[in-house]
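Structural characterization, general
These are the residues of each chain, in order.
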Amino acid sequence: MEPAEQTIQTSLAGRIGSVFVTGLMALLGLVTFGAAIALLMSAEWVGGWILLVLSLFILALLAYVLRDARAKLGWRIVIGETMIELSLPANRSLIHRPEAFKGAIAIPSVRGVECYPESYVQLGQESLIEVWWLVLRDGRTILLAEDRGLASDYVAPTDFARRTGQAIADAAGVQVRYLPVAEGRAGILGVWGARPPQR
């Protein structure tokens, strides 16, 4: 007999890994910044300025890593027999800027689940992500999660968003709608200045 309630959240390993990487980057940024200040105070101008710029870059990148870690720690969905409880942090996408959502939705109010593949090309390298959306009968759309690294030779792909979207579609008795790939703006390192495609 299937359980009446299904809880979906990021894996424990993923949450621990995010906290570890965030702490490591924070430590590296602070150590580099301290070394830069020490060199500048010793009139080692070239090395000091190089380390200062590097430390500021690391600390700026840390803001995005911290945002992603907070999303992994706070993301949770519970699928019951008649309701879906959503706890979706605002930081659950690196490029989109969805609002946080916390509340329960009746399963009959689900009109569909949609998968939006998005391509971002930078320096000849393509990064493909799949953004999964919940579509309600009242016209609202809610960004659930996204899978990253789907066309990368350097990043292990994820399938967390796909499994989540399929679980909700199965519970609601609807088909997943797959949209064609659309190209967004990658920005710098896929972070600064990045923009999702217009749909």
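Worth saying up front: this structure is predicted, and the values here are computed from it rather than measured.

Okay, the overall build of the chain next. A tally of helices and strands in the chain yields 3 helices and 9 strands. Moving toward the C terminus, one meets the helices and strands of the chain in the order β-α-α-β-β-β-β-β-β-α-β-β. Referenced to the eigenvectors of the C-alpha coordinate spread, the extents of the chain come out at roughly 70 × 35 × 30 Å. Residues counted as buried form 40% of the 199 residues belonging to the chain. For the chain, contacts bridging at least 24 residues in sequence account for 53% of all contacts bridging at least 6. On the chain, roughly 11,500 Å² of surface is accessible, and the fraction owed to carbon and sulfur atoms is 62%. On the chain, the mean spot of the 18 positive side-chain charges and the mean spot of the 18 negative ones are 5 Å from each other.

Of the strand pairs in this sheet, strand β1 (residues 6-9) and strand β2 (residues 76-79) are connected by 4 bridges, and their pairing is antiparallel. Its bridge partner lying in β2, Ile8 is registered against Ile77. In the sheet, β2 pairs with strand β3 (residues 83-88) via 4 bridges, with the strands oriented antiparallel. Bridged to Ile77 within β3 is Leu86. Between β2 and β3, which pair antiparallel in sequence order, lie 3 residues.

Attention now moves to the pattern of salt bridges. All chains considered together, the criterion is met by 7 salt bridges. A salt bridge links Arg177 to Glu114, with the nearest nitrogen and oxygen atoms 2.9 Å apart. One end of the pair, Arg177, is in strand β8 (residues 176-178); the other, Glu114, is in strand β5 (residues 110-122), with 63 residues separating them in the sequence. Overall, Arg177 belongs to the partly exposed group, its relative accessible area being 45%. On the basis of relative accessible area, Glu114 is assigned to the buried category, the value being 11%. Salt-bridge contacts for Arg148 lead to Glu146; the nearest nitrogen and oxygen are separated by 3.0 Å.

What follows concerns the nonpolar core. By size, the foremost hydrophobic cluster in this structure holds 25 residues, and its most contacted members are Ile77, Ile84, Leu86, Leu134 and Ile168. Put simply, the parts of the chain that give this core at least two residues each are β2, β3, β5, β6 (125-136), β7 (141-147) and α3 (160-172). In terms of residues, this core owes the most to one element, α3, which gives 5 residues. In terms of nonpolar packing, the next biggest core, distinct from the first, is built from 10 residues, Ile129, Trp133, Leu179 and Ala186 among them.

We now examine the side chain of Asn91. Inspection of the secondary structure puts Asn91 in the loop between β3 and β4 (101-106). Residues in contact with Asn91, not counting those within four places in the same chain, are Arg67, Arg70 and Ala71.

The next thing to look at is the sheet that holds β4. Paired through their backbone hydrogen bonds, the strands of a sheet run either parallel or antiparallel. Judged by pairing direction, the sheet is antiparallel, and its 4 strands sit side by side in the order β1-β2-β3-β4 without closing on themselves. The open sheet is flanked by β1 and β4, the only strands paired with a single partner. Strand-to-strand twist of the sheet, defined as the mean angle between neighbouring strand axes without regard to direction, takes the value 10 degrees.

In a regular helix each residue adds 1.5 Å, so 30 residues correspond to 44 Å; helix α1 (residues 12-41) covers 44 Å between its end C-alpha atoms and thus fits that length. All of the buried residues in α1 are Arg15, Ser18, Thr22, Met25, Gly29, Thr32, Ala36 and Leu40. On the buried face of α1, the contacting elements are β1 and α2 (45-74).

About the cut-offs
- Residues numbered from 1 in each chain as written.
- Predicted model: local features only at pLDDT ≥ 70, side-chain atom pairs only at ≥ 80, totals over all residues.
- Heavy atoms only, no water.
- Helix = DSSP H or I, 4+ residues; strand = E, 2+ residues; numbered from the N terminus.
- Buried < 20%, exposed > 50% of the residue type's maximum accessible area, 1.4 Å probe, protein only.
- Contact = heavy atoms within 4.5 Å.
- Areas by Shrake-Rupley, 256 points an atom, 1.4 Å probe, with all protein chains shown as cover.
- Lys, Arg positive; Asp, Glu negative; His and termini not counted.
- Charge placed at Lys NZ, Arg CZ, Asp CG, Glu CD.
- Pairing = 2+ DSSP bridges.
- Salt bridge = Lys/Arg side-chain N within 4 Å of Asp/Glu carboxyl O.
- Core = buried A, V, L, I, M, F, W, Y, C linked by side-chain atoms within 4.5 Å.
- Axes fitted to C-alpha atoms, helices over the stretch in contact; angles between N-to-C directions.
- Expected span 1.5 Å × (residues − 1).

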